[in-house]
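Now for the letters of each chain:
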Amino acid sequence: MSAQQERIVATAVVPLDFTYNYRVGQYVERYIKGLGQKKIMGVKCPGDASVIVPPRKYCGRCNEIMNEWVEVGPEGTIENFTIAHVNLNKGVVEKADTEYIVALVKLDGATSLLPAKVLGVSPVDVEVGMRVKAVFKDPVEDSLEDLSHFEPAG
Amino acid sequence: MQRDIAIVAQAQVMTDSLDIPRERMLFDLVKGLFDKVGITRHDIDGFVLNSNDFEVGHTIANVFEDTPCGAYMKDETHVEADGMWAAQYTTMRLLSGNYDTALVVGNSSGASTFRPYLVMDYQLNPTYDRQLGILNELSTAALQARAYMAKYGAEEDDFNEIAARLLRNAALNPYAVRSKADATAGDVLASDYLYEPLRQLACYPFTDGACAMILASGKRAKELTDKPVWIKGMGNSVDTYYVGERDLATSKSARMAGERAYKLAGISNPAKQIDVAEVSAKFAYQEPIISEALGLFKEGSAGKVASKGLADLGGSMPVCPSGGGLGAYVFTANGLVRVAECVRQLKGEAGEAQVSGAKTALAHSQDGFCAQHNGVMVLSTEEG
């Protein structure tokens, strides 16, 4: 490569500006309806009995349709977490104003872990095994964001 | 395998800035490789190109790659996943008996054209994870690192030691875009946290680059080179996308990919039978997870491997003498580069990073969040 020998006089900046419209599917729609009632719904696999949140129709392991709806949470346990020092904004790393906690939460009754933000506890005090509870938006808006975050239980 | 297939030669180019247009990078690389081997594009029966539409920014990314790679009017196809899959498909084409000579070329411009972290954002499930903005390449990686630490009692310092070793090795690699000859764990510790325990120097550097390789049937390979590198086995395995449903501390799919490759290659004790390994790790912490899954080290042994220098150049099982993904990470072609690095080792062309007497090498590739999809190729200096 010989960048030094060549003076770059033009670069083409090419934005792609378009929108994809997805049907989220009946499972995520039902999940959102549940959140609108401040309930967290999962689905159970008839094959290996795992309870998956957020719900989806197909179990990869069993190649079965998961069709039994189960209410889980609203409390759970932090199984894993990281303390974020940055945000990713369209792929660019930006320093976060304050450090925050991103956790994998095992909701009571669920098998899978739910990625979530945890507020109301300092990043130095958070630990695996900590009990947390879901905090919903008030009023709810029938959207995924209705499940706002988790905070320490009790 | 049912037919002897060998890698004839490899070529690489890497940079960390917008130096030259993609087409010229590919033309110079591939033409240079043809010249080195003493053939022209007319000697190639099949072309497999590897790049990512989303990253390149137009559908059928290879449209403008065919011509500089010499594929005009040729039998050509394209692979979007990591470049090792392109190498595996190329091998399968040769195994079919319908091709005798093939070219595989992977490229990416993650340093200049597009942001790799954004490519990963657009791998997220669009109707859920992408809506919430909690998961991204760095947060998922940090959670995987934490999972390994929690399961095996590993320390952040173990990962910093791995990163330092890779940065030192990268200083011996002419293709590396980031290196530090005297790197220590302290240097890594002094770099900023992104998501704990990920520190900047333990993450892959954005890289523009390409890798090209000529493969051939046994007879043809021996006509083209004195040192064919034989493909003894290959395998791959894909885990679930959902990080909340995986044991992130281990890689079942890397283990299965390895087992499939080892079975073909007749390898029963990888730690003994493999002389050098090139593992695709985007972050230092991934190296122990993957190399342990591949049977190169005992499960959960990152601390011991680092303190005893087992994976060092002079260690019992050298891993990434090239510096691996921490020296340069050609997004979408990193696994192909790992194969190329094994070729350099087995041809005795690795210079100061040469593992003396290396006869059998392992190359690994990954794709997806937390290495969801894994591929393995086993290469050897010995035919048959």
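Read on for a plain summary of the structure. Please read all numbers here as calculations on a predicted model, not as lab measurements.

## Looking at the overall build of chain A
Consideration 1: Counting secondary structure elements, chain A contains one helix and ten strands.
Consideration 2: Moving toward the C terminus, one meets the helices and strands of chain A in the order α-β-β-β-β-β-β-β-β-β-β.
Consideration 3: A globule of 154 residues ought to have a C-alpha radius of gyration of about 15 Å, yet chain A, at 21 Å, is considerably larger.
Consideration 4: Taken along the three principal axes of its C-alpha coordinates, chain A extends 65 × 40 × 35 Å.
Consideration 5: Relative to its 154 residues, chain A shows a buried fraction of 42%.
Consideration 6: A separation of at least 24 residues holds for 51% of the contacts in chain A among residues at least 6 apart in sequence.
Consideration 7: Just so you have it, chain A exposes about 9100 Å², and 48% of that area is on carbon and sulfur atoms.
Consideration 8: A gap of 5 Å separates the mean positions of the 17 positive and 21 negative side-chain charges of chain A.

## Some points on a nonpolar patch on the surface
Consideration 1: A surface patch of nonpolar side chains, amounting to about 590 Å² of accessible area, comprises Val14, Leu16, Phe18, Tyr20 and Tyr22 of chain A.
Consideration 2: Counting through the fold element by element, Leu16 of chain A comes out in the segment before helix 1 (26-36).

## Here's the deal with the layout of surface pockets
Consideration 1: The space that makes up the largest pocket amounts to roughly 1600 Å³.
Consideration 2: Taken together, 43 residues form the lining of the largest pocket, with Val14 of chain A together with Val56, Gly57, Thr113 and Phe114 of chain B sitting closest to its centre.
Consideration 3: At the level of secondary structure, the elements contributing two or more residues to the lining of the largest pocket comprise helix 1 (22-37) and helix 2 (53-56) of chain B.
Consideration 4: For the lining of the largest pocket, the residue count by class is 21 nonpolar, nine polar and 13 charged.
Consideration 5: Of the voids in this model, the second largest pocket is the one considered here, and its volume is about 820 Å³.
Consideration 6: Arg61 of chain A together with Thr240, Glu245, Arg246 and Asp247 of chain B are the residues nearest the centre of the second largest pocket, which is lined by 34 residues in total.
Consideration 7: Those elements that provide at least two residues to the lining of the second largest pocket are strand 6 (75-89) and strand 7 (92-107) of chain A together with helix 6 (137-152), strand 6 (229-238) and helix 10 (252-265) of chain B.
Consideration 8: For the lining of the second largest pocket, a count of residues per class yields twelve nonpolar, eleven polar and eleven charged.

## So, the sheet that holds strand 5 (residues 68-72) of chain A
All names here are of chain A.
Consideration 1: Across the sheet, which stays open at both edges, the three strands sit in the order 2-1-5 with antiparallel pairing between neighbours. Sheet topology places strand 2 (51-52) and strand 5 at the edges, where each strand pairs with a single neighbour.
Consideration 2: Relative to strand 2, strand 1 (residues 40-44) is paired through two bridges, and the arrangement is antiparallel. Within the sheet, the bridge partner assigned to Lys44 lies in strand 2 and is Val51.
Consideration 3: On top of the sheet, helix 1 reaches strand 1 and strand 5; it is set at about 145° to strand 1, its chief contact.

## A few points about the interface of chain A and chain B
Consideration 1: The interface is formed by 39 residues belonging to chain A together with 33 residues belonging to chain B.
Consideration 2: Taking both partners together, chain A and chain B bury about 3400 Å²; carbon and sulfur atoms supply 66% of that area.
Consideration 3: At the junction of chain A with chain B, the criterion picks out one salt bridge.
Consideration 4: Viewed at the interface, chain B and chain A are joined by eleven residue pairs in polar contact (both at pLDDT 80 or more).
Consideration 5: Elements that contribute at least two residues to the side of chain A that touches chain B include exactly helix 1, strand 6, strand 7 and strand 8 (114-118) of chain A.
Consideration 6: Looking at the side of chain A that touches chain B, the element that brings in the most residues is strand 6 of chain A, giving nine residues.

So, how was this worked out
- Residues numbered from 1 in each chain as written.
- Chains lettered and ligands numbered in written order.
- Predicted model: local features only at pLDDT ≥ 70, side-chain atom pairs only at ≥ 80, totals over all residues.
- Heavy atoms only, no water.
- Helix = DSSP H or I, 4+ residues; strand = E, 2+ residues; numbered from the N terminus.
- Rg over C-alpha atoms; globule rule 2.2 N^0.38 Å.
- Buried < 20%, exposed > 50% of the residue type's maximum accessible area, 1.4 Å probe, protein only.
- Contact = heavy atoms within 4.5 Å.
- Areas by Shrake-Rupley, 256 points an atom, 1.4 Å probe, with all protein chains shown as cover.
- Lys, Arg positive; Asp, Glu negative; His and termini not counted.
- Charge placed at Lys NZ, Arg CZ, Asp CG, Glu CD.
- Patch = residues over 30% accessible without salt bridge, like charges linked within 9 Å, V, L, I, M, F, W, Y side chains within 5 Å.
- Salt bridge = Lys/Arg side-chain N within 4 Å of Asp/Glu carboxyl O.
- 1 Å grid on protein atoms, 1.4 Å probe; cavity = no way out; pocket = protein on both sides within 12 Å on 5 of 7 lines; lining within 4 Å.
- Points joined across faces, edges and corners; volume = space filled by probe spheres on them.
- Nonpolar A, V, L, I, M, F, W, Y, C, P; charged D, E, K, R; others polar.
- Pairing = 2+ DSSP bridges.
- Axes fitted to C-alpha atoms, helices over the stretch in contact; angles between N-to-C directions.
- Buried area = accessible area lost by both parts, 1.4 Å probe.
- Polar contact = N/O pair within 3.5 Å; in protein donor to acceptor, adjacent residues only side chain to side chain.

In short, the description is geometric, and any link to function would need to be established separately.
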